[in-house]
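Take a look at the letters that make up each chain.
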Amino acid sequence: MYRYLIFDVDGTLIDTARAFIVSLQQLLRERFGWEKSEEELRFVFGIPSVDALARLGLRDDGTFIPAWEQRVGENRRLMKLYDGIQPVLDALKAQGWPMGVITSRTRPEVERDFPFFGLERYFPTVVTSSDTALHKPDPAPMRRMLELLQARPEECLYLGDTQYDCLCAQRAGVKFALAGWGAMDRSGYHPDYVLRQPAEYLTLLEREGKRP
């Protein structure tokens, strides 16, 4: 039975797809004259920015990633909480569930955007890409979260939207639920649960969870 709930952010809690892609498109156009479609850039979700650049054949010169983060902040109007997420988080908080976040965002990005969406009040424990040397799909971020929560793998459930989230969880022995409302690619990995709408998460916990 689950006692601790862990969440991804982008594509799971917040719909950030357009903001991230538009921002990256703008910078690639301005700096290199590249025109990249949304389809060509979808792979950036769920991995750290430095890894995304590497897959584009680029290395950060110390200015690109900060400029990308800044541009995402400027395009924050394009972000929103997924429909149904707020009631689910409110219900879980009211029930007293211990909750944490594992994200490929940096610590400054989390500190910038969480208050905008009111997420800081739900998640006292956050592991970012700034906190581990290895990142999703490596299990290192999940193992760090387990240390912070003082939890065993079998007590935790991770909700995310990508294969990177799934592999990170399962390689650490943690069960994974796929946020179907944000998942763009469902091939090549095997989640333990597949949810179509956020409300189904509460139903899953009623069946499988152990309330604190």
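Report follows, based on the coordinates. (Residues numbered from 1 in each chain as written. Predicted model: local features only at pLDDT ≥ 70, side-chain atom pairs only at ≥ 80, totals over all residues. Heavy atoms only, no water.)

Moving on to helix α4 (residues 64–74). Helical geometry: 3.6 residues make up each α-helical turn, so side chains three or four residues apart lie on a common side. Most of α4 is tucked away, with eight of its 11 residues classed as buried. Every buried residue of α4 is listed here: Phe64, Ile65, Ala67, Trp68, Glu69, Arg71, Val72 and Gly73. Where the residues of α4 are buried, they touch α1 (17–32), α3 (49–55) and α6 (107–117). (Buried < 20%, exposed > 50% of the residue type's maximum accessible area, 1.4 Å probe, protein only. Helix = DSSP H or I, 4+ residues; strand = E, 2+ residues; numbered from the N terminus. Contact = heavy atoms within 4.5 Å.)

Tracing the backbone shows Thr128 in the loop between β5 (125–127) and α7 (140–149). Here Thr128 falls in the buried class, since its relative accessible area comes to 1%. Among the polar contacts made by the side chain of Thr128, one reaches the main-chain amide nitrogen of Ser130 at a distance of 3.0 Å. In this structure, Thr128 is in contact with Thr103, Arg105, Thr106, Arg107 and Val110, ignoring residues within four places of it in sequence. (Polar contact = N/O pair within 3.5 Å; in protein donor to acceptor, adjacent residues only side chain to side chain.)

So, on to empty space enclosed by the protein. By the definition in use, this model includes three cavities of 30 Å³ or more. In this structure, the second largest cavity spans a volume of roughly 50 Å³. For the lining of the second largest cavity, the class distribution of residues is three nonpolar, six polar and one charged. (1 Å grid on protein atoms, 1.4 Å probe; cavity = no way out; pocket = protein on both sides within 12 Å on 5 of 7 lines; lining within 4 Å. Points joined across faces, edges and corners; volume = space filled by probe spheres on them. Nonpolar A, V, L, I, M, F, W, Y, C, P; charged D, E, K, R; others polar.)

Our next topic: the pattern of salt bridges. Enumeration over the complete set of coordinates arrives at 19 salt bridges. Glu155 serves as the salt-bridge partner of Arg3, at 4.0 Å between the closest nitrogen and oxygen. You can see Arg3 sitting in the segment before β1 (4–7) and its partner Glu155 sitting in the loop between α7 and β6 (156–160), a full 152 residues away along the chain. Judged by its relative accessible area of 9%, Glu155 is buried. Linked by salt bridges that have partners in common, Asp10, Arg76, Arg105, Arg112 and Asp113 make up one network. (Salt bridge = Lys/Arg side-chain N within 4 Å of Asp/Glu carboxyl O.)

For the rest of this paragraph, the subject is the packing of α1 against α4. At a closest axis distance of 9 Å, the pairing of α1 and α4 adopts a crossing angle of 135°. It follows from the interaxial angle that α1 and α4 lie oblique. Of the two possible hands of crossing, α1 and α4 adopt the one that is right-handed. Here Ala19, Phe20, Ser23, Leu24, Gln26, Leu27, Leu28, Glu30, Arg31 and Phe32 of α1 come into contact with α4, specifically with Phe64, Ala67, Trp68, Arg71 and Val72. In the contact of α1 with α4, the residues fall into 10 nonpolar, two polar and three charged. (Axes fitted to C-alpha atoms, helices over the stretch in contact; angles between N-to-C directions. Parallel < 35°, antiparallel > 145°, perpendicular 65-115°, else oblique. Left-handed = near helix turned anticlockwise from the far one by under 90°.)

Attention shifts here to helix α8 (residues 163–171). Every buried residue of α8 is accounted for by Tyr164, Asp165, Cys166, Cys168 and Ala169. Looking at the buried positions of α8, the neighbouring elements they touch are α3, α7, β6 and β7 (175–179).

A few words now on the layout of surface pockets. For the largest pocket, the calculated volume is near 340 Å³. Surrounding the largest pocket, 21 residues form its lining, Arg42, Phe43, Phe45, Met184 and Asp185 being those nearest its centre. Put simply, the parts of the chain that give the lining of the largest pocket at least two residues each are α2 (38–41) and α8. Considered class by class, the residues forming the lining of the largest pocket number eight nonpolar, five polar and eight charged.

Right, let's talk about the environment of Leu58 for a bit. Along the chain, Leu58 falls in the loop between α3 and α4. Judged by relative accessible area, Leu58 falls into the buried class, the value being 16%. Leave out the neighbours within four places in its chain, and Leu58 touches Leu28, Phe32, Trp34 and Leu53.

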